[in-house]
Amino acid sequence: MPSSPCAPEEVRRVACVGAGVIGGGWVAHFLARGYDVTAWDPAPDAEEKLRRLVAAAWPALEQIGLADGASPDRLTVTATLAEAVADAQFVQESAPEKLELKRSLLAQLDAAAPPGVVIASSTSGYPMTDMQTEAADPGRLVVGHPFNPPYLIPLVEVVGGKRTDAEAVEWASRFYKVAGKSVITMERELPGFIANRLQEALWREALHMVANGEATVKEIDDSITEGPGLRWAFMGPCLTFALAGGDGGMGHMLDHFGPSLKSPWTRLEAPELDDTLRAAMVDGCDEAAGSRTIAQLVAERDQGVIDVLRATGRLPRQRTEGTDGIAPTPSTMGDEK
């Protein structure tokens, strides 16, 4: 990989390829951080949907603080992929989770983007090693896995593939930090990365309980929002469990509760997603949503994230940092988890 054309702090133009829920969320985030954004998506109505998504996200972004000069007017939707990345200083790909599509698209982006520009994929599970096979310069391809919505959830997991240059991973990690994200730079590839593997285990157990008639969708959601989710908003599961050991910490907790690991409390094998289970999940979510529309639920979710970030002291810190006018704050195609 040739040296990047600019330092992460000098980036002013970002390209987002794929403009659905995740790609559009990235667009909103980068616009709010004061970048010029070019976007491309093959769907005929992509621009209309993208601008609607940005408009819906903007009130939340105004709450957490916009960078100087931030505006939806700095978005340009191009007619071709090549136009979108022609002048880009960083590229974020957010295509659907189809391996062959990812391989082909990343190869196209590699061919079209300026030499040395880092290209990141929003993939929710594929290792970059499996996706970079067709690219002429695989050294600049990295994973930059966000969480929905990318314009509010701070986390992004960064990891390279076997043919990715270490400098590209380092550059991407630094860029995301400058752009207001909380970054985990992984030292090795892991299918599903870190956070998705953890939430997938919870999700599979939830599906088992619904499939077996052991709990309703609402009961499952309430058990998290009124229980451990309150702790997880500011303290992860490992440190939380360490506190269960009292003064003895994690050592005492493991000694005391270790035998329960043999208890039949979890079933990590996924249940069969048959028509009955599918209907139970859909009906349960409809019941839990009540009269609220998807748009209303999205607004409720966004406000909840803002409130938690503010309550845990993370917004002030990230609103005061910045580099050359781009002030970091926390933050369809692709991962919707």
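Residues numbered from 1 in each chain as written. Predicted model: local features only at pLDDT ≥ 70, side-chain atom pairs only at ≥ 80, totals over all residues. Heavy atoms only, no water.

## Points about the overall build of the protein
As a reminder, the rule being used: The secondary structure listing takes helices from DSSP runs of H or I that are at least 4 residues long and strands from runs of E that are at least 2 residues long, numbered from the N terminus. Two things to know: the radius of gyration comes from C-alpha atoms, and the globule rule equals 2.2 Å times the number of residues to the power 0.38. Throughout, exposure labels follow a simple rule: accessible area from a 1.4 Å probe, protein chains only, divided by the maximum for the residue type, with under 20% read as buried, over 50% as exposed, and the rest as partly exposed.
Broken down by element type, the protein carries 14 helices and eight strands. Taking 2.2 N^0.38 as the reference for a compact globule, 337 residues should give roughly 20 Å; the C-alpha atoms of the protein span a radius of gyration of 21 Å, in line with that estimate. The C-alpha extent of the protein, read off along each of the three principal axes, is 55 × 45 × 45 Å. Each of the 337 residues in the protein was classed as buried or not, and the buried ones make up 45%.

## Considerations on the pairing of strand E1 (residues 13-17)
Using the following cut-off: The handedness rule is simple: strands pointing away from the viewer, and a clockwise path from the first strand over the helix to the second, make the crossover right-handed. Here, a strand pair is defined by DSSP locating no fewer than two bridges between the strands.
Most of E1 is tucked away, with four of its five residues classed as buried. The parallel pair E1 and strand E2 (residues 36-40), bridged by helix H1 (residues 21-32), forms a crossover whose chirality is right-handed. Note: E1 against strand E4 (residues 90-93), four bridges, orientation parallel. Bridged to Val14 within E4 is Phe90.

## A closer look at the UniProt feature "binding site: NAD(+)" (unreviewed entry) in the protein
What counts here: UniProt positions are given in the numbering used here, feature names are shortened, and annotations may be inferred rather than shown by experiment.
Residues annotated by UniProt as "binding site: NAD(+)" (unreviewed entry) correspond here to Gly18, Ala19, Gly20, Val21, Ile22 and Gly23. One can find Gly18 in the loop between E1 and H1. Residue class for Gly18 comes out buried when judged on its relative accessible area of 2%. As for its placement among the helices and strands, Gly20 is situated in the loop between E1 and H1.

## Some details on the pairing of E2
Extensive coverage of E2 is indicated by the burial of four of its five residues. Sheet topology places E1 next to E2; five bridges connect them, and they run parallel. Bridging across to E2, Cys16 finds its partner in Ala39. Here three bridges tie E2 to strand E3 (residues 75-77), and the two strands are oriented parallel to one another.

## Examining the sheet that holds strand E5 (residues 119-121)
Backbone-to-backbone hydrogen bonds join strands into a sheet, with any given pair of strands oriented parallel or antiparallel. This is how the line gets drawn: Here, axes are lines fitted to C-alpha atoms. For helices the fit covers the stretch in contact, and angles between N-to-C directions go from 0 to 180 degrees. Contacts are assigned to residue pairs that have any heavy atoms within 4.5 Å of one another.
Read from one edge to the other, the open sheet built from eight strands follows the order E3-E2-E1-E4-E5-E6-E7-E8, with strand pairing classed as mixed. A strand with exactly one partner marks an edge of an open sheet, and here the two such strands are E3 and strand E8 (182-185). If you compare each strand with its neighbour and ignore which way they point, the axes differ by 25° on average. As defined by bridge partners, E5 adjoins strand E6 (residues 141-146) across three bridges and the pair is classed as parallel. Looking at the pairing, Ala120 lines up with Val142 of E6. Lying over the sheet, helix H2 (residues 46-64) contacts E2 and E3, oriented at roughly 160° with respect to E3.

## Observations concerning the pattern of salt bridges
The condition is simple: Salt bridges, as used here, are contacts in which a Lys or Arg side-chain nitrogen is within 4 Å of a carboxyl oxygen on Asp or Glu.
If you walk through the whole model with that rule in mind, you get 14 salt bridges. With a closest N to O distance of 3.7 Å, Asp137 and Arg140 form a salt bridge. The class of Asp137 is buried, set by a relative accessible area of 18%. Taking the shortest distance from any N to any O, the salt bridge between Arg292 and Glu300 comes out at 2.9 Å. For Arg292, a relative accessible area of 32% gives the class partly exposed. One connected set of salt bridges, linked through shared partners, spans Glu93, Glu97 and Lys102.

## Structural notes on the packing of aromatic side chains
Where we set the bar: Any two rings among Phe, Tyr and Trp, with Trp reduced to its six-membered ring, count as a pair given centres within 6.5 Å; such a pair is stacked if its planes are under 30 degrees apart, edge-to-face if over 60, and tilted if neither. Placement of a positive charge over a ring is assigned whenever Lys NZ or Arg CZ falls within 6 Å of the ring centre and within 35 degrees of the normal to the ring plane.
In the structure shown here, the tally under the stated rule is eleven aromatic pairs. Ring centres 6.0 Å apart and planes at 35° place the aromatic pair Phe30 and Phe175 in the tilted group. You can see Phe30 sitting in helix H1 and its partner Phe175 sitting in helix H6 (residues 166-178), a full 145 residues away along the chain. Exposure class is identical for Phe30 and Phe175. Each is buried. Note that Lys181 overlies the ring of Trp26, its terminal NZ or CZ placed 5.2 Å from the centroid.

## Side note on unusual backbone geometry
Here the bond from Asn148 into Pro149 is cis, since omega is 0°, no more than 30 degrees from zero. Positionally, Pro149 belongs in the loop between E6 and strand E7 (155-160). Located in the positive-phi region is Phe193, a residue other than glycine, with phi close to 60°. Examined against the element boundaries, Phe193 turns out to sit in the loop between E8 and helix H7 (195-211).

## Points about the UniProt feature "domain: 3-hydroxyacyl-CoA dehydrogenase C-terminal" (unreviewed entry) in the protein
The sites that carry the UniProt feature "domain: 3-hydroxyacyl-CoA dehydrogenase C-terminal" (unreviewed entry) are, in the present numbering, residues 192-260. Between the end C-alpha atoms of residues 192-260 the distance is 27 Å, and the span holds 68% helix and 0% strand.

## Points about H1
Here is the rule we go by: By definition here, a helix of n residues has an expected span of 1.5 Å times n minus one.
Compared with an ideal rise of 1.5 Å per residue, which puts twelve residues at 16 Å, H1 spans 16 Å between its outermost C-alpha atoms and is within 8% of the ideal. Burial in H1 covers these residues: Ile22, Gly23, Gly24, Gly25, Trp26, Val27, Ala28, His29, Phe30, Leu31 and Ala32.

## So, the packing of H1 against H2
Relative orientation and spacing of two packed helices are given, respectively, by the angle between their axes and the distance between those axes. Let me state the cut-off plainly: Roughly parallel means an angle under 35 degrees; roughly antiparallel means over 145; roughly perpendicular covers 65 to 115; every other angle is labelled oblique. For any helix crossing, the convention is left-handed if the near helix is rotated counterclockwise from the far helix by under a right angle, and right-handed if that rotation is clockwise. Classification used: nonpolar for Ala, Val, Leu, Ile, Met, Phe, Trp, Tyr, Cys and Pro, charged for Asp, Glu, Lys and Arg, polar for all others including Gly.
Where H1 meets H2, the axes come as close as 9 Å, and the angle between the chain directions of the two elements is 50°. The angle between the axes of H1 and H2 places the two elements in the oblique class. Remark: the crossing between H1 and H2 carries right-handed chirality. Contacts between H1 and H2 involve Val21, Gly24, Gly25, Val27, Ala28, Leu31 and Ala32 on the former and, on the latter, Leu50, Leu53, Val54, Ala57, Trp58 and Leu61. Along the lines of polarity and charge, the residues of the contact of H1 with H2 split into eleven nonpolar, two polar and no charged.

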